[in-house]
Amino acid sequence: MKNEKITNGLYFLMDDKRTGIIYGVLKRLHITPWQDQFADLFQDGCLAYATAFADFPGDPRANPPTPTRKSTGGC
């Protein structure tokens, strides 16, 4: 059952250009597309997103969490 939820999480990530979340995290970590490990880290990020999607109580599509933004003190 968890594999099916992870698969659904990957489909959800790929819909509506949500992969920008993963690219944004990599950018914030100063990982550029020109680095050798970029593709591997992108895939790891997608799997982490899908796992979080699967672990979310209920259906994240029907009951999305309220976004919160923490101040980083920077730009």
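Draft legend 1. Structural view of the environment of Ile 21. Tracing the sequence through the fold places Ile 21 in helix α2 (residues 20-28). Overall, Ile 21 belongs to the partly exposed group, its relative accessible area being 43%. Between the C-alpha atoms of Ile 21 and Tyr 49, which are 28 residues apart in sequence, the distance is 9.3 Å.

Draft legend 2. Representation of the nonpolar core in the model. In terms of nonpolar packing, the biggest core is built from seven residues, these being Leu 13, Ile 22, Leu 26, Ile 31, Phe 38, Phe 42 and Cys 46. If you list the elements that add at least two residues to this core, you get α2 and α3 (38-55). Among the elements that make up this core, the one with the highest residue count is α3 (three residues). Not counting the four nearest positions on each side in its chain, Ile 31 is found in contact with Leu 26, Gln 37, Phe 38 and Leu 41.

Calculation notes
- The residue numbers shown here count from 1 along each chain, following its written sequence.
- Side-chain atom pairs in this predicted model are given and counted only at pLDDT of 80 or more, local residue features only at pLDDT of at least 70, and totals for whole chains, interfaces and linings cover all residues.
- For side-chain calculations, the full set of non-hydrogen atoms in the structure is used, while hydrogens and water are omitted.
- Think of it this way: any DSSP run of H or I at least four residues long counts as a helix, any run of E at least two long counts as a strand, and we number them from the N terminus.
- Under the scheme applied here, a residue whose accessible area is under 20% of the maximum for its type counts as buried, over 50% as exposed, and between as partly exposed, the area being computed with a 1.4 Å probe on protein chains only.
- Think of a nonpolar core as a cluster: buried Ala, Val, Leu, Ile, Met, Phe, Trp, Tyr and Cys residues, connected wherever their side-chain atoms sit within 4.5 Å.
- Residue contacts are defined here by distance: any two heavy atoms, one from each residue, within 4.5 Å place the two residues in contact.

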